[in-house]
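Spelled out, the chains give:
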Amino acid sequence: MDNPNPNIAALLGSRICHDLISPIGAVVNGLELMAMSMTPSAPEFELVTESAENAAARIRFFRLVFGAAEPGQMTGGEEVAEILGKVYGPTRIGVNWRVRGAQERLLVKGALLAVLCAEKAVQRDGTITVTLTDSR
């Protein structure tokens, strides 16, 4: 290789997430179509739907955390808050994303890596709060 990419791990993470989101997204879409065409009141149907939506959110989360990010690339704060709500909503840990507006993806990536680390230290029913102060 004449010009090796130092971000090969991030590129690999992006590729894995990209390859996984398509079939998971198809399952979520299929479940939505089934819900429109029938009365999905069975608890099993709700469990499968919730699990598929959670898997899709986790893949989006992992793509932000472990995927490639270039300087100047932006990520919307509302998108991050939505993903965190879906990933951590059904768990014992809350994540309060108080960063508004679009931020540089590298900054978001670092903050989400910190969330993953903090998640292991938080006690039951704890909350992780992420804020932005002086561009940090």
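This section reports on the structure supplied with the text. Per chain, residue numbering runs from 1 following the sequence as it is written. Local features are withheld for residues below a pLDDT of 70 in this predicted model, meaning they are given only at 70 or higher, and side-chain atom pairs are given and counted only at 80 or more; totals for whole chains, interfaces and linings count all residues. Heavy atoms throughout the structure, all of them, feed into the side-chain values; hydrogens and water do not.

Bringing the overall build of the chain into the picture now. When its secondary structure is counted, the chain shows four helices and four strands. Its helices and strands taken in sequence order, the chain reads α-α-β-α-β-β-α-β from the N to the C terminus. If one aligns the C-alpha atoms of the chain with their principal axes, the spans along those axes are about 55 × 40 × 25 Å. Note on exposure labels: buried denotes an accessible area under 20% of the residue type's maximum, exposed denotes more than 50%, and partly exposed covers the range between, all computed with a 1.4 Å probe on protein chains only. Out of the 136 residues in the chain, the part that is buried amounts to 31%. Taking all contacts inside the chain whose residues are at least 6 apart in sequence as the whole, residues at least 24 apart take part in 76%. Put simply, the chain shows about 8700 Å² of open surface, and 57% of that area lies on carbon and sulfur atoms. The sign given to each residue is positive for Lys and Arg and negative for Asp and Glu; His and the chain ends receive no count. For charged residues, the charge sits on one atom: NZ in Lys, CZ in Arg, CG in Asp, CD in Glu. Taking the 13 positively charged and 15 negatively charged side chains of the chain as two groups, their mean positions are separated by 6 Å. Working definition: helices are DSSP H or I runs of at least four residues, strands are E runs of at least two. Numbering for both runs from the N terminus. Note on definitions: a residue-residue contact is assigned when non-hydrogen atoms from the two residues lie within 4.5 Å. Each accessible area is a Shrake-Rupley result for a 1.4 Å probe, and residues are judged covered by the shown protein chains and nothing else.

Another point: the side chain of Thr 49. The residue Thr 49 is located in helix 2 (residues 43-66) in this model. For Thr 49, a relative accessible area of 18% translates into the label buried. The term polar contact refers here to a pair of N or O atoms within 3.5 Å; inside protein, the definition further demands a hydrogen-donor-capable atom paired with an acceptor-capable atom, and it admits residues adjacent in sequence only when both atoms are side-chain atoms. One polar contact links the side chain of Thr 49 to the main-chain carbonyl oxygen of Phe 45, over a distance of 2.9 Å.

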